[in-house]
Amino acid sequence: MTVLVFTAIVFVGALVAGLLGSLTGLGGGVVIIPLLTLVFKVDIHYAIGASLVSVIATSSGAAAAYVKEGITNIRLGMFLEVATTVGAIVGAWLATWLSTSLIAILFGVVLIVSAVLSFVRLADPVFTGKPGSLSERLRLNSSLPTPEGEQPYFVKNVIGGFLMMNIAGIISGLLGIGSGALKVIAMDDVMRVPFKVSTTTSNFMIGVTAAASVGIYLKRGYIDPGLSMPVVLGVLVGAFAGSRILTTARTTRLKTLFALVILVLAAEMIYNGFAHNI
Amino acid sequence: MARNIRDADLKKIIGQLLRYGVLSASAIVLTGGVVYLVRHGGQYPQYHSFRGEPDKMRQPVLMWEAMLRGEGRPLIQVGLLVLIATPIARIVFSIFGYLLEKDYLYAVITSIVLLVIVWNF
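Overview of the structure. (Residues numbered from 1 in each chain as written. Chains lettered and ligands numbered in written order. Predicted model: local features only at pLDDT ≥ 70, side-chain atom pairs only at ≥ 80, totals over all residues.)

**Observations concerning the overall build of chain B**
The line we're drawing: Elements are defined by DSSP. Helices are runs of H or I of four residues or more, strands are runs of E of two residues or more, and each kind is numbered from the N terminus. Exposure classification rests on a simple neighbour count of other C-beta atoms within 10 Å of a residue's own: a residue reaching 20 or more is buried, one at 12 or fewer is exposed, and one in between is partly exposed. C-beta atoms are placed from the backbone. By definition, residues are in contact whenever their C-beta atoms, placed on the basis of the backbone, come within 7 Å of each other.
From N to C terminus, chain B includes four helices and zero strands. Along chain B, from the amino end to the carboxyl end, the secondary structure elements read α-α-α-α. On the principal axes, the C-alpha backbone points of chain B span a range of 60 × 25 × 25 Å. Of all 121 residues assigned to chain B, the portion counted as buried reaches 36%. Within chain B, contacts between residues separated by at least 24 positions form 59% of all contacts whose residues are at least 6 apart in sequence.

Right under this line is the structure:
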């Protein structure tokens, strides 16, 4: 396979990954890394590097659209970024210590956990209840624009959400993914933020989280331009299309399908990790 | 109310910043990609084993010099640097925004995030 053919196929794969990742909120990285390592036999370090860069593109590209709509809770995002960036640096540091086989196994486990957790989500948080004193002081409470007007909501359990974000950051830095699923869970189930707010705010934070660890990857030579180019461009086009669809389409069935694909990929990653093929 | 208006302005500008950052980065990456494919499109990619990138793909100054010599891959890396700089620029901008709003708590929180990122580059 020549560079030209390889680039074209990776571009198409990244485009689909970006579209699905953006629609389901699970991120494109979760498909790109298995695609590169399992199908194209790319070393996992290069795959993680390319995925991490693409994560920045996805997040920034889609966030540009979401932020304007006024759904993103920017203060909440900024505050939680303290947790995710510190975590991301710890994760990138860990990535250089762990063997590639172990990273592949961890990747598979995180994929399964993300896919399963995305289905056991609680009902969309109610808009009632008392705000916590910390969320008052940090002015994290906001409102969501709905057809019936501004709907106020309260952020709960700030410390629990902060710690969960720290873990999400470590995973992002270690595995080169946005770990959007974990971020959404931290906000949805722990902090009780409305689903639309947690999805867009998670997306808003992912770019900054990835930017914290990508410097370490670049310095170590994990980021290959020839590989990153089709991945980044493909994911960007896909994510842009996804951000156009998100506000109108119902994505439940798509999410089920995507989660099944992820489960298969996760099993493959774990098997190949134990077999030391990766 | 005045704060709400400023918040809306801030959101609009952050949105623009992200959009133009990503657009210019992808234009540079695409240009570098075309140069790279024209020069090396017929070769065979080698990604099976990890060797690590040469210095000109890792250090911004060397990247820039190689790019000026007309090489495609360093140009892609420069585009990726612009991409990485986009969320960082968003943070820098937000700090100014919060200072203008006299929201000192969030100016400090955002500065901490910036320091964590810059400290590692």
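Further notes follow.
**Comments concerning the pairing of strand β1 (residues 142–146) of chain A**
Residue and element names in this part refer to chain A. Quick reminder of the rule: In this scheme, strands are said to pair when DSSP sees at least two bridges between them.
Pairing geometry for β1 and strand β2 (residues 149–153), over five bridges, is antiparallel. Opposite Thr146, over in β2, you have Gly149 as the bridge partner. Between the end of β1 and the start of β2, which pair antiparallel, lie two residues.

**Section: the nonpolar core**
We apply this condition: Remark: nonpolar core denotes a set of buried Ala, Val, Leu, Ile, Met, Phe, Trp, Tyr and Cys residues whose joining runs through C-beta atoms within 7 Å.
Judged by nonpolar contacts, the single largest core of 126 residues is most densely connected at Val53, Ile56, Leu111, Ala186, Ala211, Val214 and Val232 of chain A. Looking at this core element by element, the count peaks at 16 residues for helix α3 (residues 44–69) of chain A. When neighbours within four sequence positions are excluded, Val53 of chain A is seen to be in contact with Val214, Ile223, Ser228 and Val232 of chain A together with Leu80 and Leu83 of chain B.

**Overview of the interface of chain A and chain B**
With 50 residues of chain A in contact, the opposing surface of chain B contributes 49 residues. Secondary-structure elements contributing two or more residues to the side of chain A that touches chain B are α1 (3–24), α3, α4 (74–95), α9 (195–219) and α10 (225–245) of chain A. Counting residues per element, the side of chain A that touches chain B draws most heavily on α3 of chain A, at 11 residues.

**Observations concerning helix α2 (residues 60–68) of chain B**
Residues and elements named next belong to chain B. Put simply, the rule is: The directions from the helix axis to the C-beta atoms are what the arc is built from.
By the burial criterion, the buried members of α2 are Met63, Ala66 and Met67. Seen from one end, α2 has its buried residues packed into an arc of 105 degrees, which puts them on one side. Opposite the buried face of α2, at more than 90 degrees from it, the exposed residues are Val61 and Leu68. Where α2 is buried, its residues touch α3 (72–100). Positive backbone phi, at 90 degrees, marks Gly70, one or two positions downstream of α2.

**Some details on the environment of Arg39 of chain B**
Residues and elements named next belong to chain B. On the secondary structure map, Arg39 appears in helix α1 (residues 2–40). For Arg39, a count of 14 C-beta atoms within 10 Å corresponds to the partly exposed category. Spatially, the C-alpha atoms of Arg39 and Pro74 are 13 Å apart, while their sequence positions differ by 35 residues.

**Some points on the environment of Ser26 of chain B**
Here Ser26 of chain B is to be found in helix α1. Along the chain, Ser26 of chain B and Lys12 of chain B lie 14 residues apart, while their C-alpha atoms are 21 Å from each other. Other than its neighbours up to four places away in sequence, Ser26 of chain B contacts Leu233 and Leu236 of chain A.

**Focus on the environment of Gly180 of chain A**
All names here are of chain A. With respect to the helices and strands, the residue Gly180 is situated in helix α8 (residues 180–190). Overall, Gly180 belongs to the buried group, with 31 C-beta atoms counted inside 10 Å. For the pair Gly180 and Thr24, spaced 156 residues apart in the sequence, the C-alpha separation amounts to 9.8 Å.

**Things to note about unusual backbone geometry**
Residues and elements named next belong to chain A. Of note in this structure, Lys41 is not a glycine but carries a positive phi near 55 degrees. Judged by the 12 C-beta atoms lying within 10 Å of it, Lys41 is exposed. The backbone of Arg192 sits at a positive phi, close to 60 degrees, despite the residue not being glycine. Here Arg192 lies in the loop between α8 and α9.

**Here's the deal with the packing of helix α2 (residues 29–39) of chain A against helix α11 (residues 252–274) of chain A**
Residues and elements named next belong to chain A. So the rule is basically this: Fitted lines through C-alpha atoms give the axes, limited to the stretch in contact for helices. The angle between two N-to-C directions lies from 0 to 180 degrees. Our angle categories are set so that under 35 degrees counts as roughly parallel, over 145 as roughly antiparallel, 65 to 115 as roughly perpendicular, and the remainder as oblique. With the far helix as reference, a near helix turned anticlockwise by less than a right angle produces a left-handed crossing, and one turned clockwise produces a right-handed crossing. Gly counts as polar in this scheme, as do all residues outside two lists: the nonpolar Ala, Val, Leu, Ile, Met, Phe, Trp, Tyr, Cys and Pro, and the charged Asp, Glu, Lys and Arg.
Running from amino to carboxyl end, α2 crosses α11 at an angle of 45 degrees, the nearest separation of the two axes being 10 Å. Comparing their axes, α11 and α2 come out oblique. At the point where α2 passes α11, the crossing takes the left-handed sense. Of the residues in α11, those in contact with Val30, Val31, Pro34 and Leu38 of α2 are Ile262, Leu265, Glu268, Met269 and Asn272. Partitioning the contact of α2 with α11 into residue classes produces seven nonpolar, one polar and one charged.

**Structural notes on the packing of α9 of chain A against α3 of chain B**
Relative to each other, α9 of chain A and α3 of chain B sit at 115 degrees, their axes nearing to 9 Å. The chirality of how α9 of chain A crosses α3 of chain B is left-handed. Taken together, the residues of α3 of chain B that come into contact with α9 of chain A (itself represented by Gly207, Val208, Ala211 and Val214 of chain A) are Ile84, Pro87, Ile88 and Ile91 of chain B. Tallied by class, the residues present in the contact of α9 of chain A with α3 of chain B amount to seven nonpolar, one polar and no charged.

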